[in-house]
Amino acid sequence: MSESSDRPLLDLIRRRGPLTVLDLARELGVTATAVRNRLSRLVGSGMVERRTEQGARGRPRHTYQAGIEAHKRLGQNYADLAVVLWDELMSNVDDRKLRRLLFARITDRLAELYRSQMKDESWEDRLVQLGTILQDRGVETEVTWSDGGSMPVLRQHSCPYFELAEDDRSICAMERKMFEKVLGRGLRLSQCRLDGHRSCDFEAKPIIEARPA
């Protein structure tokens, strides 16, 4: 089974679980080995839970059901709500000072959400951790190196705010500021999918050292 087949397996477990490996293999039309390999990873991530049922004789029977993470992450679609809330904020809050305050608080809350999942290491290490967190949240992300090879680059191949950004590019600025707070390093958006590029690239701004007086 490919990585893209996680969803059918998880949907099947959510609808009809608990199920055994043989049940899943039969329903999905794949081998039991393929199912076991996928379940091992999904159990490790908390998306699937394994139950052991001890029968009267013979080996124990293992069944699989949806885990807490699956219920949290699958079937949730906040895109419509986010679009409406953003539009209300940007269109109906006329006080610019209040809008800036709300903008800053949203940025801080998002940054804290990501920081809480990271170890306090160098900004380069945090950048790699941030890429992993975004990838786990369904945002196709990789950390690569700039052409000169001196600085890592956070490259997003999918946009978590695409519909919002099409109408209002200030969402891109909010995301950049949030990443800066997470990393403790200034960033620039060197290229953007909205401009026809294949990815949104966040690169570190050079540190300008103060000249001696």
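Conventions we followed
Residues numbered from 1 in each chain as written. Predicted model: local features only at pLDDT ≥ 70, side-chain atom pairs only at ≥ 80, totals over all residues. Heavy atoms only, no water. Pairing = 2+ DSSP bridges. Helix = DSSP H or I, 4+ residues; strand = E, 2+ residues; numbered from the N terminus. Axes fitted to C-alpha atoms, helices over the stretch in contact; angles between N-to-C directions. Contact = heavy atoms within 4.5 Å. Salt bridge = Lys/Arg side-chain N within 4 Å of Asp/Glu carboxyl O. Buried < 20%, exposed > 50% of the residue type's maximum accessible area, 1.4 Å probe, protein only. Parallel < 35°, antiparallel > 145°, perpendicular 65-115°, else oblique. Nonpolar A, V, L, I, M, F, W, Y, C, P; charged D, E, K, R; others polar. Disulfide = S-S within 2.5 Å. Phe/Tyr/Trp six-rings, centres within 6.5 Å; stacked < 30°, edge-to-face > 60°.

Engineer: An account of the sheet that holds strand β3 (residues 141-145) is needed here, citing residue identities and associated values.
Structural biologist: Pairing is antiparallel in the open sheet, where 4 strands are placed in the order β3-β4-β6-β5. Single-partner strands in this sheet number two, and they are β3 and β5 (187-191). Strand-to-strand twist across the sheet, computed as the mean angle between neighbouring axes with direction ignored, equals 30°. Across the sheet, helix α7 (residues 123-136) touches β3, β4 (152-156) and β6 (200-204), and the angle it forms with β4 is around 15°.

Engineer: How would you explain the pattern of salt bridges if you had to name every residue and give the values?
Structural biologist: The tally for this structure, following the rule as stated, stands at 14 salt bridges. A salt bridge links D23 to R26, with the shortest nitrogen-to-oxygen separation between them at 3.0 Å. Taken together, the positions of D23 and R26, both in helix α2 (residues 21-28) and 3 residues apart, correspond to about one turn of that helix. Exposure remark for R26: the relative accessible area of 57% places this residue in the exposed category. E112 serves as the salt-bridge partner of R115, at 3.0 Å between the closest nitrogen and oxygen. Taken together, the residues R115 and E112, both in helix α6 (residues 96-115) and 3 residues apart, mark about one turn of the helix. Residues joined by salt bridges that share partners form a network here, namely D6, R38 and R41.

Engineer: If you had to explain the packing of helix α1 (residues 6-16) against helix α3 (residues 32-45) to someone new, which residues and values would you point to?
Structural biologist: At a minimum axis separation of 12 Å, α1 and α3 run at an interaxial angle of 75°. If you check the angle between α1 and α3, you find them roughly perpendicular. Taken together, the residues of α3 that come into contact with α1 (itself represented by D6, L9, L10 and I13) are R38, L39, R41 and L42. Class assignment for the residues of the contact of α1 with α3 results in 5 nonpolar, no polar and 3 charged.

Engineer: An account of the state of the cysteines is needed here, citing residue identities and associated values.
Structural biologist: Note on terminology: a disulfide is the covalent bond linking the sulfur atoms of two cysteines. Throughout the structure, instances matching the rule amount to 0 disulfides. In this structure C159 is a free cysteine whose sulfur lies 5.5 Å from that of C200, the closest cysteine sulfur available. On the basis of relative accessible area, C159 is assigned to the partly exposed category, the value being 22%. With no disulfide partner, C200 has as its closest neighbouring cysteine sulfur the one in C192, 3.9 Å distant.

Engineer: Explain the pairing of β6 residue by residue, including any values.
Structural biologist: The element β6 is largely enclosed, with a buried count of 5 among its 5 residues. By the alternation rule, side chains of β6 split into C200, F202 and A204 and D201 and E203, which are all buried. Direction of pairing for β4 relative to β6: antiparallel, over a ladder of 4 bridges. In the sheet register, V153 faces β6, and the bridge partner there is E203.

Engineer: I'd like a rundown of the packing of aromatic side chains, residues and numbers included.
Structural biologist: A complete count under the given rule lists 2 aromatic pairs for this structure. Arranged with centres 5.0 Å apart and planes meeting at 80°, the rings of F179 and F202 form a pair that is edge-to-face. A residue pair is termed long-range when its members are at least 10 positions apart, and F179 in helix α9 (residues 170-183) and F202 in strand β6 qualify at 23 residues. Here F202 falls in the buried class, since its relative accessible area comes to 2%.

Purely geometric numbers; function is a separate question.
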